[in-house]
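Coordinates in review
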Amino acid sequence: MTAPDRNPIAVSCRGLVKQLGSGSIRTRVLHGIDLDVFPGEMTFLLGPSGCGKTTLISTIAGLLVADEGKVELFGTNLAELGRRSLVHFRGAGVGVVFQQLNLFPALTATENVAVPLLVQGRAGASAKALAQAMLREVGLETHLTKYPSQLSIGERQRVAIARALIHEPRLIICDEPTSALDGASGQRVMELLRKVARDPGRAVLVVTHDARIVPFADRIAHMSDGRITRIDVRTEREAA
Amino acid sequence: MLGLALKMLFGDRAKVLGLVFGVAFATLLVTQQGAMFVGLMTRSQNIIADAQDVDIWVMDPSVEHPDLVRPMRDGELFKVRGVPGVAWATPFFKGGAPVKTQEGRTKGAVILGVDDATLVGVTQRFVIGSPTDLQRPDAIAIDRVGFMQLWPGEPLSVGKVLELNERRAVVTAITDAAPAFSAQVIIHARYSQASSYLPTGRNRLSFILARAMQGAEPSTVARDITERTGLKAHSSEEFSRQTVRYYLRNTGIPISFGTTIVLGIVVGAAIVGLTFSMFVSENIAQYAMLKVIGVTNIRLVGLVLFQACVVGVIGYAIGTGLAAAFFAFACTPTSALRGFVLPWWIATAVAGTILVLILLSSLASLRRVLVVEPAVVFSG
């Protein structure tokens, strides 16, 4: 795990505006979002479909560029990074778990998890060893050489989480991480993410519709029509 | 990362097969047809190349290539010998006649008559016997493939008797003469004897073969011959080039081969372009995922080009291998396609063509990879 960070805010969004589409169908999806995500916490983003949650996390992850406003990750203003620097910053500092998982079907579980390390230039053998260690950590020690098609959905989800964590990013963004999982598997995945979020140098931002996992949240931002309507801060006991 | 690129590529076996097939198809067609074309053009000048000591060819002004002969008067030979710079000049006869074995088998033959005394112009490649065997009565030398066509299944041997326009000829030597354009039986004989096999008028001199004196430039001497005699004269190299130019301009050969070659490239490019485009489309989420993970556009371009080059190399190797196998098995020294080979420079040129084909075919796909927003991974 990374060393504790002195920066008190992991993600800071101020006046964030994002429009999607072009011409007459160009639509404003985010209407001046203000949001803070803190290290050592698990922040949930809740809201109905189409309210802009995915656009918001895409912008926070640096996958989309804000039209107005500012996004800072651990004190770095994304708008000030060049295109190439942004790619490197995102690759090193952000881990993303997608609802669709997006595992590489032709790679084994180990190879999938090793990809972020290989992208950063780590040697193959070392990347593989670290990937296997990470898979053991998420309870997949008997599935190291299996392909995604040979794994259950819950196992694939854990591979995706291992891939998001392998390069020790400071921000982990999860899009509906439990939507395809049964209750028990969902609980295991959330416990794993909570363990990561307890690292004071890292923050976890979760987008979900799944009411079963809300108790894991330290902070809940409610979204509606492209705006943050309310932020609930849960006590340590509530979030336990 | 290259390992990842390879695994992505070979993870989609159907597309890889399609891509390799497209490249192999284009390579085979372009290589085979290109080499056949070069082989045909080479054949058209084989008679010139086989006359090794000769560096000037003299002919009637209307003659444009060795297969079109307009006989000259025998006296022209003496005029050429009198041109300054000419070391020596000899007569050369070329004609065609049916040849018949005692068993009754008939074939068309090219008859080449060389100077009775010096035998200048005869091929130097003898399988059985030697040029001097042409000095014997009724002697002819026949090429090995011609022998096998006239006496199939029999071992090569001399002493066989032939009928050439109802005149007797005895095989006294067997050559490995370079095949003529029309791939007929090739017979060498003395000039006096060869011309007697064919009904000719007063004029029977097909060509005059000459050599420039030491230190004299053959092309300059050829120009002097033309100026002084009114005959057409070329150095051997220039006559070869003119022969090729004649076939390129006056026959359908270049269009026929060119069409096939262009079709090979176009069809190959279409197969490769469409298949690669489908491959990239179906894997676009994986490329987007790589962007999310931190792969820059430049590295992605390298990755896609690497994938394209891998299928290019495999397809090219298969296509060239098949083309080489064709020339190895179909163009044996005893077959009608003898002399056709796969020149190294054709294989190299095709490699360059395939590289361009691959790069062009990848361009459209590359653009799609470059413009894909990494955020598409959220929508799957």
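In what follows, the accompanying structure is described. Fair warning: this is a prediction, and the values are worked out from it, not measured in the lab. (Residues numbered from 1 in each chain as written. Chains lettered and ligands numbered in written order. Predicted model: local features only at pLDDT ≥ 70, side-chain atom pairs only at ≥ 80, totals over all residues. Heavy atoms only, no water.)

Our focus in this paragraph is the pattern of salt bridges. Pairing between side chains of opposite charge can happen when the charged atoms of each approach one another. Residues and elements named next belong to chain B. Evaluated as defined, the whole model comprises 26 salt bridges over all chains. A salt bridge links Glu238 to Arg241; the shortest N-O distance between them is 3.2 Å. Of this pair, Glu238 and Arg241 both sit in helix H8 (residues 236-250), 3 residues apart, roughly one helical turn. The exposure class assigned to Glu238 is partly exposed, which follows from its relative accessible area of 22%. Its relative accessible area of 46% is what places Arg241 among the partly exposed residues. (Salt bridge = Lys/Arg side-chain N within 4 Å of Asp/Glu carboxyl O. Helix = DSSP H or I, 4+ residues; strand = E, 2+ residues; numbered from the N terminus. Buried < 20%, exposed > 50% of the residue type's maximum accessible area, 1.4 Å probe, protein only.)

So, about the packing of aromatic side chains. Counting across every chain of the model gives 12 aromatic pairs over all chains. Between the aromatic rings of Phe21 of chain B and Phe25 of chain B, the centroid separation amounts to 6.0 Å while the plane-to-plane angle is 25 degrees, which identifies the pairing as stacked. Of this pair, Phe21 of chain B and Phe25 of chain B are both found in helix H2 (residues 13-44), 4 residues apart, which corresponds to roughly one turn of the helix. On the basis of an interplanar angle of 55 degrees and a centroid distance of 6.4 Å, the ring pair of Phe92 of chain B and Phe207 of chain B is categorised as tilted. With Phe92 of chain B in strand E2 (residues 86-101) and Phe207 of chain B in strand E9 (residues 207-212), this residue pair connects regions lying 115 residues apart in the sequence. For Phe92 of chain B, a relative accessible area of 1% corresponds to the buried category. Classification of Phe207 of chain B as buried rests on a relative accessible area of 0%. Taken together through their ring pairs, the aromatic side chains of Trp57, Phe92, Phe207 and Phe239 of chain B make up a single cluster. Note that Arg170 of chain A overlies the ring of Phe74 of chain A, its terminal NZ or CZ placed 4.2 Å from the centroid. (Phe/Tyr/Trp six-rings, centres within 6.5 Å; stacked < 30°, edge-to-face > 60°. Lys NZ or Arg CZ within 6 Å of the ring centre and 35° of its normal.)

All names here are of chain A. Here we have 6 strands laid out as an open sheet, ordered E6-E7-E8-E3-E9-E10, and mixed in their pairing. Pairing within the sheet leaves two strands with one partner each, and these edge strands are strand E6 (94-97) and strand E10 (227-233). The mean angle between the axes of side-by-side strands here comes to 20 degrees, regardless of whether they run parallel or antiparallel. Bridge count between strand E3 (residues 42-46) and strand E9 (residues 219-224): 4 bridges; the pairing is parallel. Along E9, the bridge assignment pairs Leu46 with His222. (Pairing = 2+ DSSP bridges. Axes fitted to C-alpha atoms, helices over the stretch in contact; angles between N-to-C directions.)

This part is about the interface of chain A and chain B. At the junction of the two partners, chain A supplies 26 residues and chain B supplies 25 residues. In this assembly, chain A packs against chain B so that about 2,200 Å² is buried in total across both faces, 69% of it on carbon and sulfur atoms. Looking only at chain A, the three residues that lose the most surface to chain B are Leu63, Phe104 and Val119 of chain A, adding up to 26% of its buried area. On the surface where chain A and chain B come into contact, there are 1 salt bridge. Among the ionic pairs, Lys7 of chain B bridges to Glu111 of chain A, the shortest N-O distance being 2.3 Å. Applying the counting rule to chain A against chain B returns 4 residue pairs in polar contact (both at pLDDT 80 or more). If you list the elements that add at least two residues to the side of chain A that touches chain B, you get helix H1 (53-60), helix H2 (83-93) and helix H3 (109-119) of chain A. By residue number, the principal contributor to the side of chain A that touches chain B is H2 of chain A, which donates 6 residues. Among the residues forming the side of chain A that touches chain B, the class breakdown is 14 nonpolar, 6 polar and 6 charged. (Contact = heavy atoms within 4.5 Å. Buried area = accessible area lost by both parts, 1.4 Å probe. Polar contact = N/O pair within 3.5 Å; in protein donor to acceptor, adjacent residues only side chain to side chain. Nonpolar A, V, L, I, M, F, W, Y, C, P; charged D, E, K, R; others polar.)

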